[in-house]
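# Analysis of the macromolecular model
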Amino acid sequence: MTFLLVGLGASVGAFLRNELTSLSQKIKIDFPVITLLINIFGALALGLFTAHINAGGLLLFLGTGFCGGFTTYGTLNMELSQLWFQRRFFRCFLYFALTYIIGILGFVIGIHL
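What you are looking at is a predicted structure, and each value in this text was computed from that prediction instead of being measured. (Residues numbered from 1 in each chain as written. Predicted model: local features only at pLDDT ≥ 70, side-chain atom pairs only at ≥ 80, totals over all residues. Heavy atoms only, no water.)

### Here's the deal with the packing of aromatic side chains
Quick reminder of the rule: Only Phe, Tyr and Trp rings are paired, with Trp represented by its six-membered ring, and only when their centres lie within 6.5 Å; those with planes under 30 degrees apart are stacked, over 60 edge-to-face, the remainder tilted. Only DSSP runs of H or I reaching four residues or more are called helices, and only runs of E reaching two or more are called strands; each is numbered from the N terminus. Each residue is placed in one exposure class: buried if its accessible area under a 1.4 Å probe, protein chains only, is under 20% of its type's maximum, exposed if it is over 50%, and partly exposed if it falls in between.
With the rule as written, the count across this model stands at six aromatic pairs. Taking 5.9 Å as the distance between ring centres and 85° as the angle between the ring planes, the aromatic pair formed by Phe41 and Phe70 counts as edge-to-face. Here the residue Phe41 occupies a position in helix H2 (residues 33-52), and Phe70 occupies one in helix H3 (residues 56-70), the gap between them amounting to 29 residues. Looking at Phe41, the relative accessible area reads 45%, which means it is partly exposed.

### Here we look at the packing of H2 against H3
Definition in use: The angle between two axes is taken between their N-to-C directions and runs from 0 to 180 degrees, where each axis is a line fitted to C-alpha atoms and a helix contributes only its stretch in contact. Should an angle lie under 35 degrees it is considered roughly parallel, over 145 roughly antiparallel, and from 65 to 115 roughly perpendicular; all remaining angles are considered oblique. Should any heavy atoms of two residues lie within 4.5 Å, those residues are considered in contact. Here the nonpolar group is Ala, Val, Leu, Ile, Met, Phe, Trp, Tyr, Cys and Pro; Asp, Glu, Lys and Arg are the charged ones; every other residue, Gly included, is treated as polar.
Where H2 contacts H3, the two axes come as close as 9 Å, and the packing angle between them is 170°. With respect to H3, the element H2 is oriented roughly antiparallel. From H2, Ile38, Phe41, Gly42, Ala45, Leu46, Phe49 and Thr50 reach across to H3, where they touch Leu59, Leu62, Gly63, Phe66, Cys67 and Phe70. Tallied by class, residues from the contact of H2 with H3 come to 10 nonpolar, three polar and no charged.

### A look at helix H5 (residues 89-112)
Because each turn of an α-helix spans 3.6 residues, side chains separated by three or four positions in sequence point in the same direction. Just so we agree on the cut-off: Residue count minus one, scaled by 1.5 Å, sets the expected span of a helix.
With 24 residues, H5 should cover 34 Å at 1.5 Å per step; its first-to-last C-alpha distance of 34 Å lies within 8% of that length. Buried within H5 are the following residues: Cys92, Tyr95, Thr99, Gly103, Gly106 and Gly110.

### Let's talk about the packing of helix H4 (residues 73-85) against H5
For clarity, the threshold we go by: Here a crossing is called left-handed whenever its near helix is offset anticlockwise from the far helix by less than a right angle, and right-handed whenever the offset is clockwise.
Following both chains from N to C, one finds H4 and H5 inclined at 155°, their axes separated by 7 Å at the closest point. With respect to their mutual orientation, H4 and H5 come out roughly antiparallel. As H4 runs across H5, the sense of the crossing is left-handed. Of H5, the residues touching H4 (which contributes Tyr73, Leu76, Glu79, Leu80, Leu83 and Trp84) are Phe89, Arg91, Cys92, Phe93, Tyr95, Phe96, Thr99 and Tyr100. The residue makeup of the contact of H4 with H5, split by class, is 11 nonpolar, one polar and two charged.

### Description of the environment of Thr75
Its place among the elements puts Thr75 in helix H4. According to the relative accessible area criterion, Thr75 is partly exposed, its value standing at 26%. Sequence spacing of Thr75 and Pro32 is 43 residues, and the spatial spacing of their C-alpha atoms is 9.7 Å.

### Observations concerning the environment of Gly47
In this fold, Gly47 is placed in helix H2. With 50 residues separating them along the chain, Gly47 and Ala97 place their C-alpha atoms 19 Å apart. Non-local contacts of Gly47, meaning those with residues more than four positions away in its chain, are made with Phe107, Gly110 and Ile111.

Now the structure itself:
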């Protein structure tokens, strides 16, 4: 049963992330802002879910599944690598710092809401 809850949550999260990423391709922004926002929102949501959901199955579905499928470590690293190889070092470090600093703050804020 656990794998079904996690799998279904991950499917919903990945589908939503894909839809948001598709929208971002229509916007010409010279910074991976959509992935940044997805990861920050996912960290905030994970904090909220962790702090306020006691039911194990629901936490598996929303926390592990949805947030795991919604956020994207692979895309983050691909975009960081692209910025690095394009020699856009300031943007690379800014993206890295914003993702982790605001992501951790988002999780902490989520726990305290």
